[in-house]
Every structure is written in C-alpha cells, then in structure tokens.
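# Examination of the molecular architecture
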Amino acid sequence: MSRRRSAPWIHRWSRQLIGAIALLGVLDTAYLTLIEFGVFQEVAGCPTSGPINCQTVLDSSYAKVFGVPLSLFGLLAYVAIALLALVPQMLKSPERKELRTDADNWTWLLIFSGTIAMVIFSGYLVYLMSFKINAFCIYCLASAFFSVTLFALAIIGHAWEDIGQLLFTGVLVGMVALIGTVGAYAQVGGSGPTSAKNRTPIPEPTSAPQPVIGWEITTKSGEAEIALARHLTKVGVKEYGAYWCPHCYEQKQLFGKQAYKEINYIECSTDGKNAQPQTCKDAGVKYFPSWKINNELTSGVKKLDELADLTKYQGPRNFKYALPGQLTE
C-alpha cells in the first residue's frame, strides 16, 4: 500500500503567511492614509533630514493620483489580498468542499495577479523616490517589501499546474499594471494655486554649512513670498530649525532671502546664532524643520501653498520656487 505524499509546508501555510503579511500592509498603509487625511500631524519614527524623509515624500506631487492619496489605494489592495488569502480557509465543512475547491483555485489566481500589480506599482514608486523626489519614506519602502514578499509567496505557495497559463497571466497583468501606472502619473499635476509647473527648482548647497549661521540664502523673494512670510508671523506661526539642517535650508530657499527675514524662526542648535534650545525642547521639537501652526506642531519642509492653506492666507500665490519633487504639480 503506497503512502500518500504530504504537501510541502509552504503550501500548507502559504495562505496564513500571505494573510499575515497583507494585514501588516493594511496597518502600514492605513497609518499613512490617516496622516494624509490629517488625523496625525507628523510621521512618527521617520526623520526629516537626510535621504530618509517621509514628509518630503508625502508632500510631493507624486503622493496623490487624481487627488486621492496613494496610501489609500495600497490599503484597499492589502485588504483585498488578505480577504482572498483567508476567506477560503473558512470554508471547511464537508458540504462546502466543492465550493472551497473552486474558491481556492480562483483566489490563488487573483492573489497572483493582484500581487504582480502591486509589485509593478511599488517598483515605480521606488523609482520616483530614487530619481524624482530624492527622498525615501521607510513606510513606503516597507510596503514595497511586503508587495515583493506577497508575490514570491503567491508563486511558491501553491502547486501551479499550468505554468504556461501562469506566465501568460503574469505578462498580461504586468503590462496592464505598468501602462495604468504610467498613465495615472501622466495625469499628476494640474492647475490652480498649488501648481508648481512653472516654478524654478531651488538651488542646492554646494559646500558645507558655515559655522553658527549655516548656508547663505541665494534665492530672491517675490511679492507673494514676502506677503506670506509677514502673514505667518502676524498669525503667530513659528519655525524651529538648526543652521546645519539641509531641509531647513530648503525651506529658507523656498521663501527667498528677503521674505525669510520676516519669518519667526527659532534656532534649536546649541551652537547656532541666537540659539534657544530650551525653547525648542519645551515646544516638543524632535525633527527639523518643525512648524507651530494653530498651536499644533508639524514637521518637514512645507510647500508655501500648504503654509498658505493652513493659515488661511488670502494674498497672492504666484510663488517662484519649488523643490525638485514638486515641479510637476
């Protein structure tokens, strides 16, 4: 009498693993979605200086498609994968055996197709962060890792019978996902007061910061920048930063030399000019730059349009400069 060969452990546990990873993706993208909708004011655990800068990524024009946060699309995708992986596990009664077999086959194909689309989309986002935004968000990178892991489990976690059909499906879904992604981002941007299409990219520092005072502001302010800076000071907005912080310098360059003199800026570095480290500590500042607006602290480089919106600024908005990642807005 022959002994039935048991299924590999990865086949027995693949759905549970996919479901667990998808749920991690749900938590990750749900957190970013709540930030985008203003439930949380800043990204916890992600610094605002150096190449890892979540706020720069979330503030860029690439963070939304058709006005909808990308994290919301990711959240829906992870929820769908989790349901596809776990629902067939609930159909265990004998009378549902045929239904479970059909559900098992169809959901595996849908999981495979869905994770291909997620990998394509995540890969394109990593490309944007690498070459367009020039900053990375650890939560976005985590989501990309989850997508690749789910795709790998979709391949090795099931005994696929028709490899030819699988390859055909993969190529077809991959092409549709890539065309859809590129097409969606072709629509990113638009007109209106927050458009930055015709703005000039700010110059980046070419040397080390000068002791005590940092880099010299090289951009020239226009009427709109000066009016916004005076408005911010009038309504009690404060900026906290450090002279050696490159993103603080980016913020200065967005305003320009003349306008930035009007900003209520507080130096947090102990060796900076007119340093007030205790004031920064009392305000709860953890990252640079940070803005105190309406008695709430938020961190990261802010687009001038965003500062205008947050403070109900009614003056001119023909701002002159933008970060490189904002030029296609």
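Residues numbered from 1 in each chain as written. Predicted model: local features only at pLDDT ≥ 70, side-chain atom pairs only at ≥ 80, totals over all residues. Heavy atoms only, no water.

### Some thoughts on the overall build of the chain
As a reminder, the rule being used: Put simply, DSSP H or I for four residues or longer makes a helix, DSSP E for two residues or longer makes a strand, and each gets a number counted from the N terminus. Between buried and exposed lies partly exposed: a residue is buried under 20% and exposed over 50% of the maximum accessible area for its type, with that area taken using a 1.4 Å probe on protein chains only. Any two residues whose heavy atoms approach within 4.5 Å are treated as being in contact. Note that accessible areas follow from Shrake-Rupley with a 1.4 Å probe, and for residues the cover is restricted to the protein chains shown.
Broken down by element type, the chain carries 11 helices and 8 strands. Per-residue burial for the chain yields a buried fraction of 44% across its 329 residues. Taking contacts inside the chain between residues at least 6 apart in sequence as the whole, the part at least 24 apart equals 79%. Summed over all atoms, the accessible surface of the chain reaches about 17500 Å², with 62% contributed by carbon and sulfur.

### Some details on the sheet that holds strand β5 (residues 265-267)
We apply this condition: Paired strands, in this sense, are two strands between which DSSP finds at least two bridges. Lines fitted to C-alpha atoms define the axes here, with helix axes fitted over just the stretch in contact, and angles between the N-to-C directions of these axes take values from 0 to 180 degrees.
Across the sheet, 4 strands lie side by side as β5-β4-β6-β7; this open sheet has mixed pairing. Pairing within the sheet leaves two strands with one partner each, and these edge strands are β5 and β7 (296-299). Between one strand axis and the next, the sheet turns through 25° on average, direction left out of account. Sheet topology note: the strand β4 (residues 238-241)/β5 ladder contains 3 bridges and is parallel.

### Some details on the state of the cysteines
Basically, it comes down to this: Two cysteine sulfurs form what is called a disulfide whenever their separation falls within 2.5 Å.
Evaluated as defined, the whole model comprises 1 disulfide. Linked covalently through their sulfurs, Cys-268 and Cys-280 form a disulfide whose S-S length is 2.0 Å. What sets the handedness of the Cys-268 and Cys-280 disulfide is the S-S torsion sign, and at about -90° it is left-handed. Here Cys-280 lies in helix α10 (residues 277-282) and Cys-268 lies in the loop between β5 and α10, a separation of 12 residues in the sequence.

### Here we look at the packing of helix α1 (residues 9-36) against helix α3 (residues 70-86)
Selection criterion: We call two directions roughly parallel when the angle between them is under 35 degrees, roughly antiparallel when it is over 145, roughly perpendicular when it lies between 65 and 115, and oblique otherwise. Note: crossing handedness is left-handed where the near helix turns anticlockwise from the far helix by less than a right angle, and right-handed where it turns clockwise. Lys, Arg, Asp and Glu make up the charged group, whereas Ala, Val, Leu, Ile, Met, Phe, Trp, Tyr, Cys and Pro make up the nonpolar group; the residues left over, Gly among them, are polar.
In the contact formed by α1 and α3, the axes pass within 8 Å of each other and the chain directions differ by 160°. Between α1 and α3, the angle falls in the class roughly antiparallel. Read as a crossing pair, α1 and α3 show a hand that is left-handed. Here the residues of the contact of α1 with α3 are counted per class, giving 15 nonpolar, 7 polar and 2 charged.

### Here's the deal with the packing of aromatic side chains
The condition that has to hold: Aromatic pairs are defined between Phe, Tyr and Trp rings, using the six-membered ring for Trp, whenever the two ring centres lie within 6.5 Å; interplanar angles under 30 degrees are classed as stacked, those over 60 as edge-to-face, and all others as tilted. Only Lys NZ and Arg CZ are tested; either one counts as a charge over a ring when it is within 6 Å of the ring centre and within 35 degrees of the ring normal.
Enumeration over the complete set of coordinates arrives at 12 aromatic pairs. Plain terms: the ring middles of Tyr-127 and Phe-131 are 5.5 Å apart, the flat faces sit at 40° to each other, and that makes the pair tilted. You can see Tyr-127 and its partner Phe-131 sitting in helix α4 (residues 97-133), 4 residues apart, about one turn around the helix. Residue Phe-131 is classed as exposed on the basis of its relative accessible area, which comes to 59%. Within the aromatic cluster, the residues linked to one another by ring pairs are Trp-108, Phe-112, Phe-151 and Trp-160. Of note, Lys-252 hangs over the ring of Tyr-265, and the distance from its end group to the ring centre comes to 5.2 Å.

### So, a nonpolar patch on the surface
Rules: By definition, no residue in a patch forms a salt bridge, and every one has over 30% relative accessible area; like charges are joined within 9 Å, nonpolar side chains (Val, Leu, Ile, Met, Phe, Trp, Tyr) within 5 Å. Basic side-chain nitrogens of Lys or Arg form a salt bridge, by our definition, when they fall within 4 Å of a carboxyl oxygen of Asp or Glu.
Together, Leu-34, Phe-37, Val-39 and Phe-40 make up an exposed nonpolar region whose accessible area comes to about 380 Å². If you trace the backbone, Leu-34 turns up in helix α1. Leu-34 sits in the partly exposed class, given a relative accessible area of 34%.

### Thoughts on the pairing of β7
Both strand β6 (residues 290-293) and β7 contribute to a ladder of 4 bridges, which runs antiparallel. Paired with Trp-291 across the two strands is Thr-298, which belongs to β7.

### With respect to the side chain of His-231
Counting through the fold element by element, His-231 comes out in helix α7 (residues 223-234). Judged by relative accessible area, His-231 falls into the buried class, the value being 15%.

### Some words on the environment of Ser-147
Under the convention used in this document: Pairing of N or O atoms within 3.5 Å defines a polar contact, subject to two protein rules: one partner must be a possible hydrogen donor and the other a possible acceptor, and residues neighboring in sequence count only if both atoms are side-chain atoms.
Mapping Ser-147 onto the fold places it in helix α5 (residues 138-156). Overall, the relative accessible area of 1% leaves Ser-147 in the buried class. Note: C-alpha distance between Ser-147 and Tyr-78 (69 residues apart in sequence) is 8.9 Å. In contact with Ser-147, not counting residues within four places along its chain, are Tyr-78, Met-118, Val-119 and Ser-122. In terms of polar contacts, Ser-147 uses its side chain to reach the side chain of Ser-122, at 3.2 Å.

### Some thoughts on unusual backbone geometry
Going from Phe-288 to Pro-289, the amide bond is cis rather than trans, its omega being -10°. Position of Pro-289 among the secondary structure elements: in the loop between α10 and β6. Even without being glycine, Val-212 reaches a positive phi, approximately 75°. Relative to the elements of secondary structure, Val-212 occurs in the loop between β3 (200-201) and α7. Even without glycine at this site, Asn-294 takes up a positive phi of about 55°. Tracing the backbone through its elements, the reader meets Asn-294 in the loop between β6 and β7. Classification of Asn-294 as exposed rests on a relative accessible area of 59%.

### Topic: α7
Count 3.6 residues to each turn of an α-helix, and residues three or four apart come out pointing the same way. The condition is simple: Each helix should span, by expectation, one fewer than its residue count multiplied by 1.5 Å. Starting at the helix axis, one direction is taken to each C-beta atom, and the arc is that of these directions.
The terminal C-alpha atoms of α7, which comprises 12 residues, lie 17 Å apart, in line with the 16 Å expected from a rise of 1.5 Å per residue. Every buried residue belonging to α7 is among Ala-224, Glu-225, Leu-228, Ala-229, His-231 and Leu-232, and all of these are buried. What you see down the axis of α7 is that its buried residues fit within an arc of 165°, all on one side. In α7, the exposed positions angled more than 90 degrees off the buried face are occupied by Glu-223 and Lys-234.

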